[in-house]
Amino acid sequence: MSRLLHWEWEVRSQHHLLKNFLQEEKKMSRRTITLIKRFGELRVNGIKTNVNTVITNGDLVTVGMPLTDHPEHFSENNQAIDILFEDKHLIVVNKQPGMSTLPTQGVRGRSLAEAIMHYACISEQHFGVHPVNRLDRFTSGIVVFAKHRYAHDFLTKSFHDKRYIAVVDGQFPDEEKKISLPIGRHRSSIVERQVTVTGKPAKTIVKRMEEHKRYTVLSVKLFTGRTHQIRVHLSAIGYPIVGDTLYGSSNQFNRQALHAANYVTVHPITQKPIQFHAPTPKDIVQLLSTNL
């Protein structure tokens, strides 16, 4: 962890301890601060210092963030990735269906995270692979990775507006519908989830976008992030996602027709809104073109 990534912030508040400024204003975790203390550096107005330094309005804080090595259990995956955005702090990709976000037990060298690790190596970059969000293996669309721990700290505590496209069985009757049903583990499965009174609160809003002969295209917004939330909620109200045989679809499609299409968040360094879009994948376009 000898390589450092540097950036600067101008202090715009009065009389803080540096550690409080980093934790409270910049959303930095204690773990990340400890990492910087051990392997990185902190400067105030160009002078090396420590987290107990008093800073004030107008001071310039420079952080040297150590870049972590990739996990030992990762194996390189040379599959090409579709990069939507990249800078020193983030890499945002359009995940293809059939690829897991992270390696699973006993399966190495096939995940999106490992493909990004391979990309870092061949592009002669040195950065960590820290997923901010995850998608089910057969769901396509936007996945955001932080390149260092601070970016991950910030993004996991920040605003996110995630919108999906879902193709469901049948003619959806409502122009817009709010679904607030608690979700928990299915009593007989380690994978499947279900609506249950003992589950955690979950809220989804769906809007009707297009009607086809056998299907309806919905725009879906998540307000919580429960496992399989969209799939469980749509199935629970009687409109399972096309191809989602786990949750009741009888239509033959090579995966669940669910795509993470739009993502809005805040950049961890500039703290300005950033947004990403992943176009509807070819297999879903083809599915809909045969059912106009």
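Relevant structure appears above.
Reference entry: report on the structure contained in this document. (Residues numbered from 1 in each chain as written. Predicted model: local features only at pLDDT ≥ 70, side-chain atom pairs only at ≥ 80, totals over all residues. Heavy atoms only, no water.)

Sheet strands pair by backbone hydrogen bonding; their relative direction is either parallel or antiparallel. Reading across the sheet, the 4 strands line up as 1-6-3-4 and stay open at both edges, with antiparallel pairing between neighbours. The strands lining the two open edges of the sheet, one partner per strand, are strand 1 (4–10) and strand 4 (47–48). For strand 3 (residues 41–44) and strand 6 (residues 60–66), the ladder comprises 4 bridges, and the chain directions are antiparallel. Residue pairing across strands places leucine 42 opposite valine 63, the latter belonging to strand 6. (Pairing = 2+ DSSP bridges. Helix = DSSP H or I, 4+ residues; strand = E, 2+ residues; numbered from the N terminus.)

The next point concerns helix 2 (residues 30–39). Taken as a whole, helix 2 has its buried residues at Thr32, Ile33, Leu35 and Ile36. Seen from one end, helix 2 has its buried residues packed into an arc of 155°, which puts them on one side. Along helix 2, exposed side chains directed more than 90 degrees from the buried face belong to Arg30, Arg31, Lys37 and Arg38. Those residues of helix 2 that are buried are in contact with helix 1 (18–25), strand 3, strand 6 and helix 4 (149–156). (Buried < 20%, exposed > 50% of the residue type's maximum accessible area, 1.4 Å probe, protein only. Arc of directions from axis to C-beta. Contact = heavy atoms within 4.5 Å.)

Another aspect to go through is the packing of aromatic side chains. Applying the stated criterion to the full structure yields 7 aromatic pairs. Relative to phenylalanine 21, the ring of tryptophan 9 has its centre 6.4 Å away and its plane inclined at 75°; by these criteria the two rings are edge-to-face. Of this pair, tryptophan 9 sits in strand 1 while phenylalanine 21 sits in helix 1, and the two are 12 residues apart along the sequence. Both residues of the pair, tryptophan 9 and phenylalanine 21, belong to the buried class. Ring-pair connections join several aromatic residues into one group, and the members of that group are Trp7, Trp9, Phe21, Tyr150 and Phe154. Lying across the ring of phenylalanine 127, lysine 147 places its NZ or CZ 4.4 Å from the centre. Sitting over the ring of phenylalanine 223, lysine 203 keeps its end group 4.5 Å from the ring centre. (Phe/Tyr/Trp six-rings, centres within 6.5 Å; stacked < 30°, edge-to-face > 60°. Lys NZ or Arg CZ within 6 Å of the ring centre and 35° of its normal.)

Remember, this is a structural readout, not a statement about activity or role.
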